[in-house]
Every structure is written in C-alpha cells, then in structure tokens.
Amino acid sequence: MRLPWDNWEVLDSEVNEVAEKFVMANYYDPKVAMQLFNTF
C-alpha cells in the first residue's frame, strides 16, 4: 500500500511561507520572530 504523499515534492519556499505566517500569528514579539527567518 502506498500513501499519496510518498512521491510529493514540497518546495522549501512554500514551507517557509506557511511557517512564517504561523509563527507571526502565534509569537509574542514579531520582531524577534522575524530574526529567526532572516537567518536562513
């Protein structure tokens, strides 16, 4: 049995976009949160 996402290639840029939105929505200080993303 194969799962549908076995062959799915995810772009890093898409993952980073979603992660950035999630962190910005849940982080106490957005300026500190953006420092995490600017290092990559």
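Our subject is the structure that appears above.
Cut-off values and rules
- Residues numbered from 1 in each chain as written.
- Predicted model: local features only at pLDDT ≥ 70, side-chain atom pairs only at ≥ 80, totals over all residues.
- Heavy atoms only, no water.
- Helix = DSSP H or I, 4+ residues; strand = E, 2+ residues; numbered from the N terminus.
- Buried < 20%, exposed > 50% of the residue type's maximum accessible area, 1.4 Å probe, protein only.
- Areas by Shrake-Rupley, 256 points an atom, 1.4 Å probe, with all protein chains shown as cover.
- Axes fitted to C-alpha atoms, helices over the stretch in contact; angles between N-to-C directions.
- Parallel < 35°, antiparallel > 145°, perpendicular 65-115°, else oblique.
- Left-handed = near helix turned anticlockwise from the far one by under 90°.
- Contact = heavy atoms within 4.5 Å.
- Nonpolar A, V, L, I, M, F, W, Y, C, P; charged D, E, K, R; others polar.

Novice: Even after reading the chapter, I still don't get the overall build of the chain, so can you show me in this structure?
Specialist: On a plain count of helices and strands, the chain comes out with 2 helices and 0 strands. For the chain, the proportion of its 40 residues judged to be buried stands at 5%. When the accessible surface of the chain is totalled, it reaches about 4,100 Å², and 60% of it is carbon and sulfur.

Novice: Any chance you could explain the packing of helix α1 (residues 12–26) against helix α2 (residues 30–38) here in plain terms?
Specialist: Packed helix pairs are specified by the crossing angle of their axes together with the interaxial distance, meaning the distance between the axes. Relative orientation of the contacting elements α1 and α2 amounts to 160 degrees, with a least axis distance of 10 Å. Taken as axis vectors, α1 and α2 run roughly antiparallel relative to one another. In terms of crossing hand, the pair formed by α1 and α2 is right-handed. Here α1 contributes N16, A19, E20, V23 and M24 to the contact with α2, which in turn contributes P30, A33, M34 and F37. Classifying every residue of the contact of α1 with α2 by side-chain character gives 7 nonpolar, 1 polar and 1 charged.

Novice: Sorry, what's going on with the environment of E20 here?
Specialist: Examined against the element boundaries, E20 turns out to sit in helix α1. In this structure E20 touches M34 and F37, once residues within four positions along its chain are discounted.

Novice: Got a minute to help me understand the environment of A25 in this structure?
Specialist: When you line up the elements, A25 lands in helix α1. Relative accessible area serves as the criterion here: at 62%, A25 is assigned to the exposed category. Here the alpha-carbon distance between A25 and E9, two residues 16 residues apart in the chain, equals 26 Å.

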